[in-house]
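Now for the letters of each chain:
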Amino acid sequence: MHNPGLRRRPVQKRSIERFERILDACTQLLDEVGLDALTTLEVARRARVPSGTIYQFFDGKPGLLCELALRNLELLLMRLRRRMVEETAVTWPRAAEIVLVETVEMRRTVPGFTVVDFADTRPGGSSFLPTGKVKEGGDMLAERLYHFALNEAGLPPLPDPYRVMRLAIQITAAALQLAFTASPEGDPAMIEQGRRVLRAYFADLSRADEPASAARLPAG
């Protein structure tokens, strides 16, 4: 996945370790001081690297935060791969439930996730990159989840897939926003409501390409 705010992606072990240490320090500070108070100088101090090291990899704070969003997306996909090993005969409704459950767990346990989540990987979410640096109309989160569903989970194609995926993502985001506004750990009842909406939506879509039966047609 491409981060327009990334100047250089490390390849050597020592550089990779510094790179990851910078990202980890950023997530810790996001939870402690929030987005507005976050500075690259403080990130460098927490990561125990010279301040100039951050600019070797990133164009500054925007590129750093975008990289966190991309890392969160990769983490979600990794968690989904682990779940697929445990699941048998996955359906679209069940897959939607699994994505919701894993996203809830990430919100509870992944440092900085409540601030950054998947941000620049989807339109409509918070964008940390300047205007013009994010592909207009692109939705990396929807595309990656749909490709994962087809190519790794073995699910059948959906009608109008990218509109479906984008709407499902927004439904999930809205449910979690309501759930975690009510409680730091997430209101279980609101999370359950989100699960029911997603399951019903994908259950209906799974039947969308079935031919209409005579019983459904209006009387002649």
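Since this is a predicted model, take the numbers as computed values, not measurements. Within each chain, residue numbers correspond to sequence positions counted from 1 in written order. It should be noted that, the model being predicted, local features are given only for residues of pLDDT at least 70 and side-chain atom pairs only at 80 or more, the latter also being counted only at that level, while totals for whole chains, interfaces and linings use all residues. Each side-chain value is derived from all of the structure's non-hydrogen atoms; neither hydrogens nor water enter the calculation.

A.B. asks: Hey, could you go over the nonpolar core for me, with residue numbers and the actual values?
C.D. replies: Membership of the largest hydrophobic core comes to 36 residues, with the highest contact counts inside it found for Trp-92, Leu-145, Leu-158 and Phe-202. In contact with Leu-158, other than residues within four places in its own chain, are Trp-92, Tyr-146, Val-164, Met-165, Phe-202 and Leu-205. Counting 22 residues, the second largest nonpolar core, distinct from the first, contains Ile-22, Leu-29, Val-116 and Ala-119. Here the nonpolar core consists of buried residues drawn from Ala, Val, Leu, Ile, Met, Phe, Trp, Tyr and Cys, with membership extended through side-chain atoms lying within 4.5 Å. Only protein chains enter the area calculation, which uses a 1.4 Å probe; residues under 20% of their type maximum are buried, those over 50% are exposed, and those in between are partly exposed. Any two residues having at least one pair of non-hydrogen atoms within 4.5 Å are treated as being in contact.

A.B. asks: Hey, could you go over the side chain of Thr-27 for me, with residue numbers and the actual values?
C.D. replies: Numbered from the N terminus, helices here are DSSP runs of H or I no shorter than four residues, and strands are runs of E no shorter than two. Mapped onto the secondary structure, Thr-27 falls in helix α1 (residues 13–33). Whenever two N or O atoms come within 3.5 Å, that pair is a polar contact, provided that in protein one can donate a hydrogen and the other can accept it, and provided that, for residues adjacent in sequence, both atoms are side-chain atoms. Looking at Thr-27, its side chain comes within polar contact range of the main-chain oxygen of Asp-24, at 2.6 Å. Aside from chain neighbours lying at most four places away, what touches Thr-27 is Leu-68, Arg-71, Pro-111 and Gly-112.

A.B. asks: Before we move on, can you summarise the packing of helix α5 (residues 92–109) against helix α8 (residues 161–182) with the specific residues and values?
C.D. replies: Two elements in contact, α5 and α8, have axes whose closest approach is 11 Å; the angle formed by their N-to-C orientations is 40°. In terms of orientation, α5 and α8 fall into the oblique class. The chirality of how α5 crosses α8 is right-handed. In contact with Trp-92, Leu-100, Thr-103, Val-104, Arg-107 and Arg-108 of α5, α8 contributes Met-165, Thr-172, Leu-176, Gln-177 and Phe-180. In this count, Pro and Cys sit with the nonpolar residues alongside Ala, Val, Leu, Ile, Met, Phe, Trp and Tyr, while Asp, Glu, Lys and Arg are called charged and the others, Gly among them, polar. The residue inventory of the contact of α5 with α8, partitioned by class, reads six nonpolar, three polar and two charged. Throughout, an axis means a line fitted to C-alpha atoms (over the contacting stretch in the case of helices), and angles, computed between N-to-C directions, take values from 0 to 180 degrees. The cut-offs work like this: below 35 degrees is roughly parallel, past 145 is roughly antiparallel, 65 to 115 is roughly perpendicular, and the gaps in between are oblique. Note on convention: the crossing is left-handed when the near helix lies turned anticlockwise from the far helix by less than a right angle, right-handed when the turn is clockwise.

A.B. asks: I'd like a rundown of the pattern of salt bridges, residues and numbers included.
C.D. replies: One side chain can pair with another of opposite charge once the charged atoms of both are near each other. Here, a salt bridge means any side-chain nitrogen of Lys or Arg that lies within 4 Å of a carboxyl oxygen of Asp or Glu. Taken as a whole, this structure holds 18 salt bridges when the rule is applied. In this structure, Glu-102 and Arg-79 form a salt bridge, with 2.7 Å as the shortest nitrogen-oxygen distance. Placement of Glu-102 in helix α5 and of Arg-79 in helix α4 (residues 61–86) is noted, with a sequence separation of 23 residues between them. Assessed through its relative accessible area of 14%, Arg-79 is described here as buried.

A.B. asks: A description of helix α7 (residues 140–151) should follow, citing residues and the corresponding values.
C.D. replies: Any helix carries an expected span of 1.5 Å times its number of residues minus one. The end-to-end C-alpha separation of α7 is 16 Å, in line with the 16 Å expected for 12 residues at 1.5 Å each. Turning to α7, its buried residues are Leu-141, Ala-142, Leu-145, Tyr-146, Phe-148 and Ala-149. Down the axis of α7, the buried side of the element spans an arc of 160°, and every buried residue falls inside it. Next to the buried residues of α7 lie α4, α5 and α8. Taking the helix axis as origin, the arc is that swept by the directions to the C-beta atoms.

A.B. asks: Tell me about the side chain of Glu-67, residues and numbers included.
C.D. replies: Positionally, Glu-67 belongs in helix α4. Residues in contact with Glu-67, not counting those within four places in the same chain, are Asn-3, Leu-6, Arg-9, Phe-19, Leu-23 and Phe-58.

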